[in-house]
Amino acid sequence: MKNAIFFFILLSSFLLSSQQIKISGTVSDHAGDPMPGVNVREKGTTNGTQTDFDGHYVLTVQKGVELTFSYIGYKNVIVKIRDSVVVNVSLEEDLQMLEEVVVIGYGTSSHISITGSVSRIRGNRIRKRNAPKNISNVLQGKVSGVQIRGIGALKNNTGNKVKSPLYIVDGIPIQKQYNSIVQSLKSEDVDSRKVLKASEAKSLYGQNAKHGCIVIQTVNGNYAIEEDENYARITENQFQNVDINPLSTFSIDVDKAAYSNVRRFINNGKKVPVDAVKIEEMINYFDYDYPQPTNEHPFSVNTEVAQTPWNVDTKLVRIGLQGKEYLNEELPASNLTFLIDVSGSMSAGNKLPLLKSAFKLLVNQLREKDRVSIVVYAGAAGVVLEPTSGNNKERIMSALNNLEAGGSTAGGAGIQLAYKLAEKHFKKTGNNRVILATDGDFNVGLSSNKDMEDLITEKRESGVFLSVLGFGMGNYKDSKLETLADKGNGNYGYIDTMQEAQKLFGKEFGGTLFTIAKDVKLQVEFNPKKVKSYRLIGYENRLLADEDFIDDTKDAGELGSGHKVTALYEIVEAGVASDYVKETHGLRYTEVVSGDKFSDELFTVKFRYKKPDGNKSIELVHVQNSNTQEMSKDFQFSAAVALFGQQLRKSTFNNKASLNDVIVLAENGRGEDKNGYRAEFIRLVKSINEKLVTDNY
C-alpha cells in the first residue's frame, strides 16, 4: 500500500512538472525597439519577471495560463500560453494612460501635442565645420536650445534620423546599451567607417540591424568595450569601541539611486560593482510603516532593538525618521527648472527617450500656479522653454518631444544657466528647484567632481534646491551625480524604467520635489555600561566629525515631504565576547563613568535640522532603553536588504550568511507589499542565487 501511495505521488509530481513550460521571448514597442523593465506576470499569481535591457525574458509557467505584459504608458497585453515556447510581444503606447498615471494628481491633463519648435542644425550644416574629434560630431552651439544630429546618426529616405543603429566594430556587434561608448571613439583610432541602410544591414546582420548599421574598423583591429562607469570608493564602517568612541555622527541620506542601479546590473545579468552598492540607499528605497509626526517637529523618531538575524552574538538597532506628509494641494507653488542633458551620450533608448517619458509623468502633476522652464546642454547650453504655467501642458510636452541627442557635454555651463534662470524667477514663499537629468558624463568646461562640488556649493546659497536624476549605463558617472545632489541641498535617484519614474514622480512626488527640513544630522551616543562596540551599516559617504553636529555651517542631508529615513547599527553588548571587537589599552587620564540613573538606557539619539528657509538648527532628543523586541516585519525586511548589500559588498561582517538567508528573512518581512517592491527585491536575490548555482556569479 505504501509503495502504491509513493508511486501515485511520484506520478502526480511527474505529470505536474510535465505540464510546466519555459517561456521566453522579446518585448518591443510599436517601432520594434526592445523594451527593458516590462513586467511579465502569470495572471492571478505572483510568478513573474522583468525583461532585461534587450527586452528578453524567461519564465516557467503551467500550460494554459495567461501571461500579462505591462509597462507604464503602454497598453497591457494578455497572451494565453498553449504549446509555444517563444512568445514575442509588441506593446502599443497609451498616451491617455501616460497622462493619467498620477497617484495624487491635480489640475487637468491635456492631450500631448507635437507642435512647437526647437532650433536645430542638421548634418549637412555640421559637415561644413572642421573635422570632429569624435565619431559623434561636436558642435559648440551658439543658438539657444540647439539640438545636433551627429555624423554618427543614420537617416532614412525622408531625411529623418532613425533609431539606434547597430554598430559593428572590428567584426563584433555591439550591444545597444554601449552605443554611446562606441560613439566616443576618437577619429585617429578609426581606420574606416561604412554606413549601411536598413534593408542592406538587415540582410547581412539580421533583425538587430533593422534600423541600419555602422561598420567600423579600428586602427589596431582589436577593439573591446571598456565600460567607463565611475563610483566613489567606499571603505566599510568598522566596529568602534564605545569607551573610546561613544559618539556616532552622520548626515541623513534619502537618496535611492543605488538600489535601482544595482537592480539594473542584476537584471542585465552582470556583476554589481562593489562601490555601486550603498547599503543605506538600498534600505531607504523601500517604504516602512513609521507613524506621522504629532508634535511641532516635521518628522517622527522611531527606534527598535532586536537579535541580529545573521549573528547570535550581536543585536541590531533600527532608527527611523518619518517626514510629515503633505497633500499636493497643500504644497507651495513651484518654480521648476528642468536641466536636461541632450549630448550624444544620451542617445541610447534608456537615456533621453526614457527621460522624456519620465518627465511627462511629472508635468501631468503640475498646477496652474506652478512654473516650468527647460534648459538643455550639449556642446553649449540654451533655454528651450521660458517659464510656463503648469496648466499649459501642451507647450511643455511639445518642448520635451522636440529634444534630440547629439554633441559633447558642457554640464557646468548648463548648471550655471539653469540656476540663473531659477534665480531670476525665484518664488520667495515657494519651491525653487533645478531638476538635473543626465548620465553625468560631462566633458566640456567644468567637469571634474571637484569642479562640480565647488560650483554647486556656491549655487546652493541662492536658496534653489537641486534634484538629480541619473539615466543609462556604460558611461554612467554615479560619483559625480552623488556629489551634485549632496552639495546642492537635494536628492538623487536613478531611473532605469518607467516604473521607477512613476515611483519618483508619482508615489513619492512630494518627497522628490518638496523639502521640509534641511541639514538633518544624527548623533548617537551609546551607553558604555550597556554597549561594548557598534558599527553603522552603510552611510560611509555621509559620516561627520562629532563636532560637526552642532556646527550650523556644516552641510547635511535634506528631508522631503513624506520621506522616510532608516539607519541600522549592529552592536555588541557589554560582557559579550565577539571576534569583531578588538581590545584596547585602558586610559591613564580619562575614566568613562555612567551613573546608575542611566543604567537602563542603551543609547541616546540627538537630531538637528533647519527649516527649509532657516539658518539655525533645531534639536530634539530620543532615548532608547535596553529592552530587546521581536523584529517587526519592516525591521526584518530592512535587515534582509542590509544583509544582501553586505553580501554584494563582500563584507567581513555578514558572518557567512547565504543568499537563502536573505530570501527567508525578506519573505518573513514582506508584509502587505501592495506595490510589489518587496516581491521584486526577493526576485532579484533569487535570480542571483540561481546564477551562483549555474555560473558561479
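Presented here is a report on the structure given in the accompanying data block. A quick note: this is a predicted structure, and the numbers were derived from the prediction, not measured.

### Looking at the overall build of the protein
Within the protein, the regular secondary structure consists of 17 helices and 29 strands. Surface accessibility of the protein: about 30600 Å² in total, with carbon and sulfur atoms responsible for 48%.

### Some words on the sheet that holds strand β13 (residues 213-218)
Ordered by their spatial adjacency, four strands build an open sheet running β11-β10-β13-β12, and the pairing between neighbours is mixed. Each end of this open sheet is capped by a strand with a single partner; those strands are β11 (172-174) and β12 (190-196). Averaged over all pairs of adjacent strands, the angle between strand axes in this sheet comes to 25 degrees, irrespective of strand direction. By the bridge criterion, three bridges tie strand β10 (residues 166-169) to β11 in an arrangement that is antiparallel. If you follow Ile168 over to β11, its bridge partner there is Pro173. Here helix α5 (residues 198-205) sits on the sheet in contact with β10, β12 and β13, set at roughly 110 degrees to β12.

### Brief notes about empty space enclosed by the protein
In the structure shown here, the tally under the stated rule is five cavities of 30 Å³ or more. Lining the largest cavity we find 14 residues, and of these Pro36, Arg264, Asn268, Asp496 and Thr497 sit closest to its centre. When residues in the lining of the largest cavity are grouped by element, the largest group, three residues, is from helix α6 (residues 257-267). The residue inventory of the lining of the largest cavity, partitioned by class, reads three nonpolar, seven polar and four charged.

### Focus on the sheet that holds strand β22 (residues 465-470)
Read from one edge to the other, the open sheet built from six strands follows the order β20-β19-β18-β21-β22-β23, with strand pairing classed as mixed. Of all strands in the sheet, those bounded by a partner on one side alone are β20 (381-389) and β23 (490-494). Across the sheet, the axes of successive neighbouring strands diverge by a mean angle of 15 degrees, strand direction being ignored. Both β22 and β23 contribute to a ladder of five bridges, which runs parallel.

### With respect to the packing of helix α8 (residues 352-363) against helix α13 (residues 498-507)
The geometry of α8 relative to α13 is characterised by a closest axis approach of 9 Å and an angle of 30 degrees between their N-to-C directions. One element, α8, and the other, α13, form an angle in the roughly parallel class. Crossing angle aside, the handedness with which α8 passes α13 is right-handed. Contacts between α8 and α13 pair Leu354, Ser357, Ala358, Phe359, Leu361 and Leu362 from the former with Met498, Ala501, Gln502 and Phe505 from the latter. Taken together, the residues of the contact of α8 with α13 break down into eight nonpolar, two polar and no charged.

### Some thoughts on helix α9 (residues 393-401)
Along α9, the positions that sit buried rather than exposed are Lys393, Ile396, Met397, Ser398, Ala399 and Leu400. Residues of α9 that are buried make contact with β18 (334-341), α8, β19 (371-377) and β20.

### Thoughts on the nonpolar core
Within the largest apolar cluster, 67 residues are counted, with the highest numbers of intra-cluster contacts made by Phe286, Ile415, Leu484, Phe644 and Phe681. In this view, Phe644 contacts Ile266, Met282, Leu659, Val662, Phe681, Val685 and Ile688; residues no more than four positions away in its chain are not counted. The next biggest cluster of nonpolar side chains, apart from the first, holds 58 residues, and it includes Tyr57, Met346, Ile435 and Ile495.

### Structural notes on the pairing of β13
Looking down a regular strand, the side chains alternate between one sheet face and the other. Of the pairings in the sheet, the one linking β10 to β13 comprises four bridges and is parallel in character. Within β13, the residue paired with Val169 across the bridge is Ile216.

### Quick word on the packing of aromatic side chains
All chains considered together, the criterion is met by 25 aromatic pairs. Between Phe286 and Phe681, the ring centres sit 5.9 Å apart and the planes meet at 80 degrees, which makes this aromatic pair edge-to-face. Taken as a pair, Phe286 in the loop between α7 (279-284) and β16 (299-307) and Phe681 in helix α17 (residues 677-695) lie far apart in primary sequence, 395 residues in all. In terms of burial, Phe286 and Phe681 fall into one category: buried. Clustering of aromatic rings is evident, with ring pairs tying together Tyr259, Tyr285, Phe286, Phe637, Phe644, Tyr677 and Phe681. Here the guanidinium or amino end of Arg318 rests over the ring plane of Tyr288, the centre of that ring lying 5.9 Å away. Here the guanidinium or amino end of Arg608 rests over the ring plane of Phe549, the centre of that ring lying 5.8 Å away.

Conventions we followed
Note on numbering: residues in each chain are counted from 1, in written sequence order. Only residues with pLDDT of 70 or above have their local features reported here, since the model is predicted, and side-chain atom pairs are shown and tallied only from 80 upward, although totals for entire chains, interfaces and linings are computed over all residues. Just so you know, side-chain values use all the structure's heavy atoms and leave hydrogens and water out. Comment: elements are numbered from the N terminus, with helices defined as DSSP H or I runs of at least four residues and strands as E runs of at least two. The Shrake-Rupley method, run with a 1.4 Å probe sphere, supplies the accessible areas, and residue values consider only the shown protein chains as cover. Note on pairing: two strands pair once DSSP finds at least 2 bridges between them. In this description, a line fitted to the C-alpha atoms serves as the axis of each element, helices being fitted only across the stretch in contact, and the angle between N-to-C directions of two axes falls anywhere from 0 to 180 degrees. A contact between two residues is defined here by any heavy atoms of the two lying within 4.5 Å. Grid points spaced at 1 Å over the protein atoms alone were grouped into cavities, where a 1.4 Å probe fits but cannot get out, and pockets, open sets with protein on both sides within 12 Å along at least five of seven lines, with lining residues defined by an atom within 4 Å of a point. Grid points are joined across faces, edges and corners, and a volume is the space filled by probe spheres set on the points. Ten residues, namely Ala, Val, Leu, Ile, Met, Phe, Trp, Tyr, Cys and Pro, are considered nonpolar, four, namely Asp, Glu, Lys and Arg, are considered charged, and the remaining ones, Gly among them, are considered polar. Note on terminology: angles under 35 degrees are roughly parallel, angles over 145 are roughly antiparallel, angles of 65 to 115 are roughly perpendicular, and the others are oblique. Crossing handedness follows the turn of the near helix against the far one: under a right angle anticlockwise gives a left-handed crossing, and clockwise gives a right-handed one. For the exposure calls, accessible area comes from a 1.4 Å probe over protein chains only, and a residue counts as buried if that area is under 20% of its type's maximum, exposed if over 50%, partly exposed in between. Definition used in this section: a nonpolar core is a set of buried Ala, Val, Leu, Ile, Met, Phe, Trp, Tyr and Cys residues joined via side-chain atoms within 4.5 Å. Centres within 6.5 Å make a pair out of two Phe, Tyr or Trp rings, where for Trp the six-membered ring is used; the pair is then stacked when the planes are under 30 degrees apart, edge-to-face when over 60, and tilted otherwise. Lysine NZ or arginine CZ positioned within 6 Å of the ring centre and within 35 degrees of the ring normal marks a charge as sitting over the ring.

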